[in-house]
Amino acid sequence: MKRAREASFGSCDCAAPSRGATLDGFLVGLSRISEHSLEAERTAEADGLLQGLDPRTKTAGAALLILAVTLSHSLAVLCGLFLLAIALAALSGVTPGRLARQVWAGVAIFTGVIALPSPFLVPGTTIATLPVLGWTISEQGLRSAAFLILRAETSATFAVLLILTTRWPHVLKALRALGLPVAMVAILGMTHRYIFVLLSTATQMFEARRARTLAPMAGPERRRVIISGAGVLLGKTLALSGDVHQAMVARGYTGEVRLMDDFAFRPHDYAALALTIAIPLLVVWLH
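Residues numbered from 1 in each chain as written. Predicted model: local features only at pLDDT ≥ 70, side-chain atom pairs only at ≥ 80, totals over all residues. Heavy atoms only, no water.

Asks: Please provide a residue-by-residue account of the overall build of the protein, values included.
Replies: Across its full length, the protein carries 11 helices and 2 strands. For the protein, the succession of helices and strands along the chain, N to C, is α-α-α-α-α-α-β-β-α-α-α-α-α. Every one of the 287 residues in the protein was classed for burial, and the buried ones make up 31%. Sequence separation of at least 24 residues holds for 76% of the intrachain contacts in the protein that already meet a minimum separation of 6. (Helix = DSSP H or I, 4+ residues; strand = E, 2+ residues; numbered from the N terminus. Buried < 20%, exposed > 50% of the residue type's maximum accessible area, 1.4 Å probe, protein only. Contact = heavy atoms within 4.5 Å.)

Asks: So what's going on with the side chain of Ser118? Which residues, and what values?
Replies: Looking at where Ser118 falls in the secondary structure, it is placed in helix 6 (residues 118–121). Ser118 sits in the buried class, given a relative accessible area of 17%. Ignoring any residue separated from it by four or fewer positions in sequence, one finds Ser118 in contact with Gly141 and Ala145.

Asks: Would you mind going over the nonpolar core in detail, with residue names and values included?
Replies: The nonpolar side chains of a soluble globular protein tend to be buried with one another. Within the largest apolar cluster, 26 residues are counted, with the highest numbers of intra-cluster contacts made by Leu81, Val94, Leu99, Val103, Phe158 and Leu161. Only helix 3 (55–71), helix 4 (75–91), helix 5 (96–115), helix 7 (139–164) and helix 11 (267–286) provide two or more residues apiece to this core. Ranked by the residues each element gives to this core, the list is headed by helix 4, at 7 residues. Not counting residues up to four positions away in its chain, the partners in contact with Leu161 are Leu50, Ala85, Leu88, Ala89 and Val94. (Core = buried A, V, L, I, M, F, W, Y, C linked by side-chain atoms within 4.5 Å.)

Asks: Could you give an account of the environment of Ser241, with specific residues and numbers?
Replies: Mapped onto the elements of the fold, Ser241 is located in helix 10 (residues 219–250). A residue is classified by how much of its surface remains accessible, and Ser241, at 26% relative accessible area, is partly exposed.

Asks: Kindly report on the environment of Asp47, identifying the contributing residues and their values.
Replies: Turning to its location among the elements, Asp47 is positioned in the loop between helix 2 (21–44) and helix 3. For Asp47, a relative accessible area of 80% gives the class exposed.

Asks: Lay out the pattern of salt bridges with the relevant residues and their values.
Replies: The full count for this structure, using the stated rule, is 2 salt bridges. Here Asp54 ties to Arg56 by a salt bridge, and the two come within 3.0 Å at their closest N and O atoms. One exposure class covers both Asp54 and Arg56, and it is buried. One salt bridge in this structure joins Asp269 and Arg266, with 3.8 Å as the shortest N-O distance. (Salt bridge = Lys/Arg side-chain N within 4 Å of Asp/Glu carboxyl O.)

Asks: I'd like a description of helix 11, backed by residues and values.
Replies: In a regular helix each residue adds 1.5 Å, so 20 residues correspond to 28 Å; helix 11 covers 29 Å between its end C-alpha atoms and thus fits that length. Each element contacted by the buried residues of helix 11 is listed here: helix 3 and helix 4. (Expected span 1.5 Å × (residues − 1).)

Asks: Help me get a handle on the side chain of Asp54, residues and values and all.
Replies: Positionally, Asp54 belongs in the loop between helix 2 and helix 3. In this structure the side chain of Asp54 is engaged in a polar contact, spanning 2.8 Å, whose partner is the backbone nitrogen of Arg56. In this structure, Asp54 is in contact with Phe263, Ala264, Phe265 and Asp269, ignoring residues within four places of it in sequence. (Polar contact = N/O pair within 3.5 Å; in protein donor to acceptor, adjacent residues only side chain to side chain.)

Asks: Which residues make up the packing of helix 3 against helix 8 (residues 168–177), and what values do they have?
Replies: Relative orientation of the contacting elements helix 3 and helix 8 amounts to 70°, with a least axis distance of 9 Å. In this view, helix 3 runs roughly perpendicular relative to helix 8, as classed from their interaxial angle. Contact residues: helix 3 offers Pro55, Arg56 and Thr59, while helix 8 offers His170, Ala174, Leu175 and Ala177. Class assignment of the residues belonging to the contact of helix 3 with helix 8 gives a composition of 4 nonpolar, 2 polar and 1 charged. (Axes fitted to C-alpha atoms, helices over the stretch in contact; angles between N-to-C directions. Parallel < 35°, antiparallel > 145°, perpendicular 65-115°, else oblique. Nonpolar A, V, L, I, M, F, W, Y, C, P; charged D, E, K, R; others polar.)

Asks: Tell me about the pairing of strand 1 (residues 126–129), and please be specific about residues and values.
Replies: Remember that side chains alternate between the two faces of the sheet whenever the strand is regular. Relative to strand 2 (residues 136–138), strand 1 runs antiparallel, the two sharing 3 bridges. Note that in strand 2 the partner of Thr129 across the bridge is Thr136. With antiparallel pairing between neighbouring strands as the criterion, strand 1 and strand 2 make up a hairpin whose turn holds 6 residues, including Gly134 at a positive phi of roughly 75°. (Pairing = 2+ DSSP bridges.)

Asks: Now, about the packing of aromatic side chains: what can you tell me, with residues and values included?
Replies: Throughout the structure, instances matching the rule amount to 3 aromatic pairs. For the pair Phe265 and Tyr270, a centre-to-centre distance of 5.3 Å together with 35° between the ring planes defines the contact as tilted. Residue class for Phe265 comes out partly exposed when judged on its relative accessible area of 32%. (Phe/Tyr/Trp six-rings, centres within 6.5 Å; stacked < 30°, edge-to-face > 60°.)

Below, the structure written as structure tokens:
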């Protein structure tokens, strides 16, 4: 009898994970996105080198450093800029493991797929030949692939450091202060806001669906639930966006970012801005 009960309990435990497995995976993905946002907010409020700079300085500095990455035609200079990004991250409380997980892995996969044909298609000095296929690998092709991957990794690191060390409303206000049109700032702000509104709505919808699921669903049924949920979510989004826009316009919204915090340049902001201006000039001078 005891063994029978243990066997029955074991069979129940094994069957439980398969119940709503697709919905569970979807909810886990939504929760991870929310956790990533909260983690970024905590990093932006922590004590660090970049957190202590004026948002306008960080925004302009990130743009200038990305410009330096774009202008560079030397792998050594790109490696130096990449090491600079890692050093800034370490001084701002952003670990290399976090950058590898959130930035480097995805960028490497995406740009790696694009750069993969370069060693075989770009003509140049042959340095190796694939044994079975007989394809030749050129030195110039490898350099082209290395430039593409390193440029993408370094630029993405500087951009993510700006986002991780600066609160999003401050980023929008800094962009507006640097001359970005009101329409673009408004689009960025509303897009960021509605991403989390959609996440919250989608989470509630799929949690409600999961609570009403009493037995495992077949593959076609799971896909039908997800597709129909996406359609309902789109309809709710359109209705909500119209209501929110009318409410904001009624309260005097014009697209300008207004915060209670005032920006103020300090001596170290001028020093940081001068340094970031000097780096692209140095890269151009070296070439």
